[in-house]
Amino acid sequence: MDAMLVRERYKVVRVTDCREDYAFAEAVDILDRETRGCLLNLYEGPLLRRYLPCFDRLSSCPDFLSMFLDGESLVGVFRDCGGTPIDQVFFLGDSHGWRDRLYYAGELLRQVLNLSDLPPEVACALLLSENVRVDQTDRSIALRFHTIPLEGMNHRETAFLAADQVRKILRPRLSSPLAELRFLDELDRGDLAGPVQLFALWRARAEEIREAYKALEHKNFVRRWCSLLLGRAKRWFTRRKTR
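Here's a quick rundown of the structure. (Residues numbered from 1 in each chain as written. Predicted model: local features only at pLDDT ≥ 70, side-chain atom pairs only at ≥ 80, totals over all residues. Heavy atoms only, no water.)

Some points on the packing of aromatic side chains
Logical step 1: In the structure shown here, the tally under the stated rule is 13 aromatic pairs.
Logical step 2: Here the aromatic rings of Tyr22 and Tyr43 are separated by 5.1 Å at their centres, their planes lie at 45°, and the arrangement is tilted. Taken together, the residues span a long stretch of sequence, with Tyr22 in strand β3 (residues 22–29) and Tyr43 in strand β4 (residues 37–43) at a distance of 21 residues. Tyr43 carries the same exposure label as Tyr22, and that label is buried.
Logical step 3: Feature note: the residues Tyr22, Tyr43, Tyr51, Phe55, Phe64, Phe78 and Phe145 constitute an aromatic cluster, connected by ring pairs. (Phe/Tyr/Trp six-rings, centres within 6.5 Å; stacked < 30°, edge-to-face > 60°. Helix = DSSP H or I, 4+ residues; strand = E, 2+ residues; numbered from the N terminus. Buried < 20%, exposed > 50% of the residue type's maximum accessible area, 1.4 Å probe, protein only.)

Quick word on the sheet that holds strand β8 (residues 132–135)
Logical step 1: Pairing is antiparallel across the open sheet formed by 3 strands, whose spatial order is β7-β8-β9. The open sheet terminates on both sides in strands that have one partner only, identified here as β7 (84–85) and β9 (140–143).
Logical step 2: In this sheet, β8 lies alongside β7 in antiparallel orientation, the contact comprising 2 bridges. Of the residues in β8, the one forming a bridge with Pro85 is Arg133.
Logical step 3: Contacting β8 and β9, helix α2 (residues 98–113) crosses the sheet at an angle of about 30° to β9. (Pairing = 2+ DSSP bridges. Contact = heavy atoms within 4.5 Å. Axes fitted to C-alpha atoms, helices over the stretch in contact; angles between N-to-C directions.)

Details of the pairing of strand β5 (residues 64–70)
Logical step 1: As paired strands, β5 and strand β6 (residues 73–79) are joined by 6 bridges and run antiparallel to one another. What sits directly across from Asp70, in β6, is Ser73.
Logical step 2: Hairpin connection, β5 to β6: the antiparallel pair is bridged by 2 residues, and Gly71 has positive phi, about 65°.

Notes on the nonpolar core
Logical step 1: Leu108, Leu118, Ile169, Leu170, Phe183, Leu187 and Trp202 are the most contacted members of the largest nonpolar core, which totals 59 residues.
Logical step 2: Top element by residues in this core is helix α6 (residues 195–217). It accounts for 8 residues.
Logical step 3: Once residues within four sequence positions are removed from consideration, Leu187 is found in contact with Ala163, Val166, Arg167, Leu192, Leu198 and Leu201.
Logical step 4: If you look at the next biggest cluster of nonpolar residues, it comprises 12 residues, including Tyr10, Ala25, Cys38 and Val75. (Core = buried A, V, L, I, M, F, W, Y, C linked by side-chain atoms within 4.5 Å.)

Comments concerning the pattern of salt bridges
Logical step 1: One pass over the full model with this rule turns up 18 salt bridges.
Logical step 2: Of the charged contacts in the structure, one is a salt bridge between Asp17 and Arg19, with a shortest N-O distance of 2.7 Å.
Logical step 3: Here Glu180 makes a salt bridge to Arg173, at a shortest N to O gap of 3.4 Å. Of the two residues, Glu180 and Arg173, neither departs from the other in class, the shared state being buried.
Logical step 4: Within the structure, one salt-bridge network assembled from shared partners comprises Arg14, Glu26, Asp80 and Arg144. (Salt bridge = Lys/Arg side-chain N within 4 Å of Asp/Glu carboxyl O.)

Quick word on the sheet that holds β3
Logical step 1: Here we have 6 strands laid out as an open sheet, ordered β1-β2-β3-β4-β6-β5, and antiparallel in their pairing. In this open sheet, the two edge strands, each paired with only one partner strand, are β1 (5–6) and β5.
Logical step 2: Where strand β2 (residues 10–19) lies against β3, 8 bridges are found, and the strand directions are antiparallel. From the neighbouring strand, Arg14 faces β3, where its bridge partner is Glu26.

This is the structure in C-alpha cells:
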C-alpha cells in the first residue's frame with residue numbers, strides 16, 4: 001500500500017484515508033494520455049472477502065474503471081468526479097435562491113436513483129457528506145467513490161442518508177412554503193424503503209413545491225408573509241395531531 005505505483009500504472013498522488021485493512025488514495029493513470037485523476041479503494045484481510053462480491057456488481061456503473069488483486073490487496077479503481085463537498089455549498093445562511101435549491105435537489109435525487117442497483121454498503125458510503133460533490137460551474141452533483149467500510153447497511157439506510165443530504169439543500173427557511181415543509185416532514189418520518197421510493201416521492205412533490213414558490217412571488221410583501229405564517233400554523237397543527 002505504501003508503493004508510489006500500483007500495478008505499475010496508477011501513480012499515487014495522495015493517501016487521504018488509511019485504517020485497518022483499508023486505504024483510500026487519489027492517483028493518476030500514467031497510461032492514460034490525458035493523465036486523468038482516479039480514485040483507489042484498497043481492501044485487505046476480511047474486507048477483501050467482503051468487498052470482492054460488491055465490486056462484481058459494479059460492472060454497469062460508469063464511474064467504475066477496474067478491479068484487481070495487487071499482492072494481498074483488492075483494488076477498486078474509480079473516476080474522480082471533482083466538485084466541492086455539499087457542506088461547503090449548502091449551509092446555514094447561504095444565499096441560494098429557491099430555483100437553484102429545487103434544481104440541485106432534483107440533481108441529487110437523480111444520482112440517488114442510480115444507487116438502487118448498487119450494494120447498500122457502497123451506496124451508503126457515497127452519500128456521506130464528503131462524497132456528495134457539487135459543481136456550481138457545470139450545475140451538477142456527483143457522488144465520489146470513497147467507499148469506506150460500512151457494515152449493516154440496507155436500502156432503507158441509503159434512503160435515510162440521501163434524505164439527510166436533501167435537507168441541506170432544502171433547509172427550512174423563513175421563505176419556505178408549506179408544500180416544501182411538508183415534503184421535509186415526509187423525509188423526517190423515515191419510512192421510505194429505498195432510493196426508488198425516495199425519488200418517486202420527489203417526483204410527486206416537486207411541481208407542487210415549485211408552484212407554491214411561484215405563487216408567493218406574485219404576492220406583495222404583506223400577503224406573502226401572511227401566507228408563510230399561515231402555512232407554518234397549519235404545519236404546527238398537523239404535526240401536533242400526528243404525535
